[in-house]
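Structural characterization, general
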Amino acid sequence: MDTMKTWNALIIDVDYSPSDPGIRRCFCERTQYSKKDLTPGKLLSYEDPGGLFGSIVLKECDDDKVVLTYGGRDFVLREGSSWACLGKDGRNYTDFELNVSLQLEYLIVNTPKFFRQFGTREQLAALSEDDIRHFESSDDPCAKFVLGRWHYLLMPREDSAVLAEKYIREAVEGGVADAYETLSYMFTVGDTAEDTVDLEKAARLRDEAISRGSEAARMRFARNRIAGILLAPEEPAEVAREIEKILSEEEDPNPGWYSVLAYAYEVLGKAEEAKKTYEEGIAHGSKRCYSELACWYRERGMEEEYDKTMEAGIKAGFGFCYTFHADLDEEEYEKKTPELQRYFTRFIRDRLLQGLKRGDGACAYYLGLNYFYGYLGFEDEERTEAGKYLERGMQLGDSCCYSLVADILEMGTPSDEDRRDAARFRLKALRLGNDTVLSKVIIAYRRGLLDKYQDEIEKYWLPEDYDDYEEDDGRFDAYV
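The model shown is predicted, which means the values in this text are computed figures rather than measured ones.

Rules used throughout
Residues numbered from 1 in each chain as written. Predicted model: local features only at pLDDT ≥ 70, side-chain atom pairs only at ≥ 80, totals over all residues. Heavy atoms only, no water. Helix = DSSP H or I, 4+ residues; strand = E, 2+ residues; numbered from the N terminus. Buried < 20%, exposed > 50% of the residue type's maximum accessible area, 1.4 Å probe, protein only. Contact = heavy atoms within 4.5 Å. Lys, Arg positive; Asp, Glu negative; His and termini not counted. Charge placed at Lys NZ, Arg CZ, Asp CG, Glu CD. Pairing = 2+ DSSP bridges. Phe/Tyr/Trp six-rings, centres within 6.5 Å; stacked < 30°, edge-to-face > 60°. Lys NZ or Arg CZ within 6 Å of the ring centre and 35° of its normal. 1 Å grid on protein atoms, 1.4 Å probe; cavity = no way out; pocket = protein on both sides within 12 Å on 5 of 7 lines; lining within 4 Å. Points joined across faces, edges and corners; volume = space filled by probe spheres on them. Nonpolar A, V, L, I, M, F, W, Y, C, P; charged D, E, K, R; others polar. Axes fitted to C-alpha atoms, helices over the stretch in contact; angles between N-to-C directions. Expected span 1.5 Å × (residues − 1). Arc of directions from axis to C-beta. Salt bridge = Lys/Arg side-chain N within 4 Å of Asp/Glu carboxyl O.

A look at the overall build of the protein
A tally of helices and strands in the protein yields 21 helices and 8 strands. Looking at the protein residue by residue over its 480 residues, the buried ones come to 46%. Within the protein, residue pairs in contact and separated by at least 24 positions form 53% of the contacts whose partners lie at least 6 positions apart. Side chains of the protein give 64 positive and 97 negative charges; the mean places of these two sets differ by 3 Å.

Quick look at the structure:
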């Protein structure tokens, strides 16, 4: 997906380094021109320590591009092609390069296309420090929204949880549609200062987001309607018809709709239509469709197609696909030669770390799981690495990390505090969609370990057959 950026400065660099291959030190003389100081026809002077390069003339400039003339040639710089090497030369055993580039910054505008740039963790993880400073320097509510999303989905700082809610609420006050949607989601999973789920308030915020034009809110509500969850009616066929109309009539539809439509087809039992739609989503730029198509193949035992799709997702930079092979059966791992085992372990670890850099919590889960149990050759006697990655996964909102940490806390003879923390972490996993922990959440509630959340549990989580839940001894069993 294209970014919406404009340039604010022209940079001229003379980079130089000794030509001796044994010396790797590099140096740079930088000259920078602000956009407001540039006019067509201007001769651009710059620092040239080697005295090897000629004059640069600014031929054209506008909001979209800069055209420079050097050595009888024109060089065009714009978003997507913002760097050029004008020349290379050498003197006194030193190599010199003359490079030019544009300093780019995001255009902050209240449009759906602007918000599409910050919908996924991968997009937010790609923001540079300069990008974040640019948003921090702006008072625009849309900039507040981006900062809120960045803090909320990536948790890059110790105070990110507080800052995330602060910025998102400021953006809501400024009328930003997608901020209403993000705050709605925060109430759906209990990520506000109130630390409780409020589905009714979440629904009101979601509806307000939709009325203000939020694509993200429309997509999440569509998914909820397909499954019939979170106070939404169950109507997958109606949702499918609506999205088919969007994709056929809108001039520039959000590629994410392909993922939602394919999900609707799967629920409706239209497997081949779902597969085709996932493929169309990939072709139109929906990276999420890589993992969904891969799962479609795996569910049908098509392992070769699964492998190819996960590899393609890695090439496209989609975080979850970096978990590929991280769940290899331990018996299969043991069949490898010692040399292949060592290579495989390094390979998997490096891939998971790459996915984690893109903000994917599942990568943190597999790092923590493998380090904790020593699976796939991961060694961590003190289990410090395991704890580090599981904690990071919880920050990223991975439900499996919350569930695993809860299980770990109850190993051996847990203290009362450990039991309370385990109960709280399982409740968080449940909020995030991990239904496998429901029975243990209910048992913890009955034992008085979740009294703070009594109203939430009784309103949203107690099933109709609540009285049939039986107590157990609370001991962790790795094989359950």
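Remarks on the sheet that holds strand 5 (residues 65-70)
Strand order in the open sheet made by the 4 strands is 3-4-5-6, with antiparallel pairing throughout. Each end of this open sheet is capped by a strand with a single partner; those strands are strand 3 (43-44) and strand 6 (73-78). Here 4 bridges tie strand 4 (residues 56-61) to strand 5, and the two strands are oriented antiparallel to one another. Of the residues in strand 5, the one forming a bridge with C61 is V66.

Overview of the packing of aromatic side chains
Counted according to the given criterion, the structure contains 19 aromatic pairs. When the centroid spacing of 5.3 Å and the interplanar angle of 75° are considered together, the rings of F114 and F115 count as edge-to-face. On the basis of relative accessible area, F115 is assigned to the buried category, the value being 7%. By the ring-pair criterion, three or more aromatic residues cluster together here, those being Y106, F114, F115, F118, F135 and F145. Residue placement shows R298 over the ring face of Y306; its charged tip is 4.0 Å from the ring centre. The cationic tip of R300 hangs over the ring face of W296; the distance from NZ or CZ to the ring centre is 4.0 Å.

Some remarks on the pairing of strand 7 (residues 83-91)
Taken together, the 8 bridges between strand 7 and strand 8 (residues 94-106) define a ladder with antiparallel strand orientation. Within strand 8, the residue paired with D89 across the bridge is F96. Linking strand 7 to strand 8, which pair antiparallel, is a turn of 2 residues; within it N92 sits at a positive phi near 50°.

Let's talk about empty space enclosed by the protein
According to the stated counting rule, one finds 1 cavity of 30 Å³ or more in the structure shown. Empty space within the largest cavity amounts to approximately 50 Å³. Lining the largest cavity we find S184, T188, L199, A202, A203, R206, R220, N224 and L230. Counting only elements with at least two residues in the lining of the largest cavity, the list comes to helix 6 (177-188), helix 7 (199-211) and helix 8 (215-227). Sort the elements by how many residues they give to the lining of the largest cavity and helix 7 lands first, with 4 residues. Across the lining of the largest cavity, the residue classes tally to 4 nonpolar, 3 polar and 2 charged.

So, the pairing of strand 1 (residues 5-18)
The side chains of a regular strand alternate between the sheet's two faces. Among the 14 residues in strand 1, 10 count as buried, and that is most of the element. Of the strand pairs in this sheet, strand 1 and strand 8 are connected by 13 bridges, and their pairing is antiparallel. The residue of strand 8 that forms the bridge with P18 is T94. In the sheet, strand 1 pairs with strand 2 (residues 27-34) via 8 bridges, with the strands oriented antiparallel. By the bridge assignment for strand 2, Y16 is matched with F27.

Quick word on the sheet that holds strand 7
Here we have 4 strands laid out as an open sheet, ordered 2-1-8-7, and antiparallel in their pairing. Of all the strands in the sheet, the pair left with one neighbour each is strand 2 and strand 7. Sheet twist, expressed as the mean angle between neighbouring strand axes with direction ignored, is 20°.

Digging into helix 11 (residues 271-283)
Look at helix 11: 19 Å from first C-alpha to last across 13 residues, which is about the 18 Å you get at 1.5 Å a residue. Regarding helix 11, the residues found buried are A274, K275, T277, Y278 and G281. Taken end-on, helix 11 shows its buried residues confined to a sector of 165°, consistent with a single buried face. Away from the buried face of helix 11 by more than 90 degrees, exposed residues E272, K276 and A283 are located. Taken together, the buried residues of helix 11 touch helix 10 (256-267) and helix 12 (288-299).

Some details on the pattern of salt bridges
Across all of its chains, the model carries 43 salt bridges by this definition. Two residues, K59 and D74, come together in a salt bridge whose shortest N-O distance is 2.7 Å. Within this pair, whereas K59 is found in strand 4, its partner D74 is found in strand 6, the two being separated by 15 residues in sequence. Among the residues examined, D74 registers a relative accessible area of 38% and is labelled partly exposed. Close ionic contact of D195 with R431 constitutes a salt bridge, the shortest N to O distance being 3.4 Å. Placement of D195 in the loop between helix 6 and helix 7 and of R431 in helix 19 (residues 416-431) is noted, with a sequence separation of 236 residues between them. The class of R431 is buried, set by a relative accessible area of 7%. Residues joined in a network through salt bridges with shared partners are D195, R431, K452 and E456.

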